[in-house]
Each structure stands twice: as C-alpha cells, then as structure tokens.
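So you can see what is in the structure, the chains are spelled out below.
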Amino acid sequence: GKGRYQSMARRLQDERYMDESQGVSYESFGDRENRIVSIDVGGKVFKTFLKTILRHPGTLLYELAQPGRELCEDGAIFLDRDEWCFNAILNYYRTDQLAQPAWVPDDMWHIELVFFKIQNPLYQIPTSADIDLHQLSLGKPDAPGLRKDLWLLWEDPSSSRWANALNWFSIFVIVVGVSAFVLETHPTVRNPDDGEGWFGFTPATIRRGFYRFEIACVCWFTFELVFRFVLTCDKALFMRRMINWVDIIAIAPFYTGLLLAPVFQSGSKSLFMQALRMARVFRIIGLIFKLGKYSHGVRVLAQTFRTCLMELSVLAVLLVMTVIMISAGMYFCENPDLEVVTSDFTS
C-alpha cells in the first residue's frame, strides 16, 4: 500500500545520502545512473541499475527514470502489473532480447508490452532504413546507379510498378509450367501414335508444343538466375542461400537430361534413364518452391510451420498412429483368417 511505498522510498533515500556529519553525499560518488532502484510489481520487488532502464528510450520505465520522475527522485515505484511478464520485460532492458514467457498468453503479453511502451516484434512494421539494411546484407549494391535499380527490379517487387509486373509474370510462368508438367502425363501426350489429339492438333504436335514451352520456361529461369547472380555484390552469400538452390533444382534436371540422354540413347530402359525421369519430379518441386519465393502468403505459411514445428510434430505422430490403426483394422477385415496368405477382398 501507500505506507509500504513510502517506507521503501525513505529507506532508499537513506542509502542515497550519506551521513552529512562526515561531509559525504551521494552525488560525490559520480554518475547517479549507477544507483540501484526498486520496482514493486504486483507485490514482488525487482532491483536494477538506473542506467539499465535508460538503455531503451521511449519506453515507460525510461520516462519514469528521467529527472523529476519517481525512479530518478525516489528510487522506487509501485506498478500494479503482472510480475511474470515484468520479469521478461526487465530482462529485455538487461540483454536487449525480448522473449515471451511460454506460459503467458499472446494477448496478455501484448497488453503488457503496450503498457510499458515496448514494440511487440510480432506487430513491428520495418522502416525504410531497416529494409535498406536488410537488402544491403543480401547483396544489394550500395552506390546508386543502374546496377542497383536492376537489383531492386529482380529482388524487390515493391520497389516499382515494373518490379511488381515482373514478379507477377514470373508467377504466371511458374503456374503455367507446373500445369504443363501435369498435362504431359496424359496418355495422348505420352503416346503420340495413339489418340485423336486435342482441339484439332495431332498428338505429335501437342508433344512438340509442350517440349518447346518447357525450353522457354527453362530459358527464362536460367536468365533470371544468371542475371541475379551477376547483379549481386555478395556472390558467396548468393550461393549459400537456399532459395537460389531451389532455382538451380528447378532447371538442373532439364540440362542433365539434355546433356546425358544421347549417351544412353541405346539403353532407354536402363536404370539411368529411369532415374533421369524420376529427377524430372524435382523440377515441379523446384517450381512450387519458386512460387513461394514470389508469394508473400506462401512465405507467411512457411514461417507459421517453422514457428509451430513442435505442435505439428505431435500432430504428425498422432496421424501416423491413426493410419496404422486404420490400416490394421482394414487388413483384418479383409483377411479374417490369418493362415490364408491370399486375400478374399476384390475391388
């Protein structure tokens, strides 16, 4: 209550000022920021240096530590807030790392951060300076000029209308490329000698059209990858980024088949040719991942999966257990007699 707060303030005042008979005062010890202040939060007292609170301007505690305010003048204050949240908030002043306690709900944590005037990282909107620093760390040219403009054209869809149009064109090529890959599996395309074709085109013509379209898509993705590699200032970082390896995976099967297929032309049934056909699946996987590069929604979904990885792993275990139990039940329904090897079930 009020009496407790006043007694705490008087005790700190006694610690602040030395015995005047000795001619020594608190101010003689130098910087007053080295004082220890007490913050009573919901009945639990926290102590820290005044200079620790002054590390983050604009926050509530920083304002209370200014000359003329409670922490600066009295060295103590009472706040009717949650002590568990404040423990994490005080650690933020000490370590510059804001970590939400696992047992604190998101809405409660957000309310406490709003009260203490601390920006919630989940709701933080990056400034233009933050975006510029992030782009420089990814290899954006620092000096203004044509190279910087071209880098923004290919790497930042929000930089201009042309960059946004290029982004949507790349998405269109990816979607159409994936659709063409699926349509190539139709029996009319796989067996050009059989069937009547589509829309008046013969199966052989359709197959040649899909092949030419595949070449056009691969040429576009190759040009994009090489051009971005030339524009970046940090070539080593460019090769270490996973998103660029996705681009390579999307086009590598095509070039592999183009270079090595003639060597194994005589043995079309060989293991290599089967593996090469299997490698074409990586092309569609690469195209799908490339779609995530251009789509903000896909990136948000990927971030959600990374954040909830532990919860999703529990869900995966439950799903596997459910599949095993249902499969075992279906097996015993189809094979009531375990001594009979063959199944009586037909479909």
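As a convention, each chain's residues are numbered from 1 in the sequence order in which they are written. Only residues with pLDDT of at least 70 get local features here, since the model is predicted, and only at 80 or more are side-chain atom pairs given and counted; chain-wide, interface and lining totals rely on the full set of residues. To obtain the side-chain values, all non-hydrogen atoms of the structure were used and water was disregarded.

**Q** How would you sum up the overall build of the chain? Please name residues and give values.
**A** When its secondary structure is counted, the chain shows 16 helices and 3 strands. Buried, partly exposed and exposed residues are distinguished by accessible area as a fraction of the type maximum, computed with a 1.4 Å probe on protein chains only: under 20%, between the cut-offs, and over 50%, respectively. Burial analysis of the chain (347 residues in total) assigns 29% to the buried set. Any two residues whose heavy atoms approach within 4.5 Å at even a single point are treated as in contact. Looking at the chain alone, contacts between residues at least 24 apart form 54% of all its contacts between residues at least 6 apart. In this description a helix means any DSSP run of H or I spanning at least four residues, a strand means any run of E spanning at least two, and both kinds are numbered starting from the N terminus.

**Q** Now, about the pairing of strand 1 (residues 36–41): what can you tell me, with residues and values included?
**A** The buried fraction of strand 1 amounts to 5 of the 6 residues, a majority that puts the element mostly inside the structure. Paired strands, as defined in this entry, are two strands with at least two bridges between them according to DSSP. Here strand 1 runs beside strand 2 (residues 44–49); their pairing, made up of 6 bridges, is antiparallel. For Ile-39, the partnering residue across the bridge sits in strand 2 and is Phe-46. Where strand 1 folds back on strand 2, the antiparallel hairpin that results is connected by 2 residues, among which Gly-42 adopts a positive phi of roughly 60°. Bridge analysis of strand 1 against strand 3 (residues 76–79) gives 4 bridges, and the strand direction is parallel. Counted as the bridge partner of Val-41 is Leu-79 from strand 3.

**Q** I'd like a description of a nonpolar patch on the surface, backed by residues and values.
**A** There is a patch of nonpolar side chains on the surface, built from Val-226, Phe-229, Val-230, Met-239, Met-242 and Trp-245 and spanning about 560 Å² of accessible area. Secondary structure elements with two or more residues in the nonpolar patch: helix 11 (203–231) and helix 13 (242–260). Tallying contributions element by element places helix 11 first for the nonpolar patch, with 3 residues. As for its placement among the helices and strands, Met-242 is situated in helix 13. In this scheme, patches are assembled from residues that exceed 30% relative accessible area and form no salt bridge. Like charges are connected within 9 Å, while nonpolar side chains (Val, Leu, Ile, Met, Phe, Trp, Tyr) are connected within 5 Å. Note that accessible areas follow from Shrake-Rupley with a 1.4 Å probe, and for residues the cover is restricted to the protein chains shown. A carboxyl oxygen of Asp or Glu within 4 Å of a side-chain nitrogen of Lys or Arg is what we treat as a salt bridge.

**Q** So what's going on with the pattern of salt bridges? Which residues, and what values?
**A** A full pass over the atoms with the stated rule returns 6 salt bridges. Between Asp-96 and Arg-55 there is a salt bridge, with the nearest N and O atoms lying 2.8 Å from each other. With Asp-96 in the loop between helix 5 (83–95) and helix 6 (106–115) and Arg-55 in the loop between helix 2 (50–53) and helix 3 (60–64), this residue pair connects regions lying 41 residues apart in the sequence. By relative accessible area, Asp-96 is classed as partly exposed at 39%. Judged by its relative accessible area of 40%, Arg-55 falls in the partly exposed class. For Asp-132, the salt bridge is made with Lys-140, and the minimal N-O distance between the two is 2.5 Å. The class of Asp-132 is partly exposed, set by a relative accessible area of 29%. You can call Lys-140 buried: its relative accessible area is 5%.

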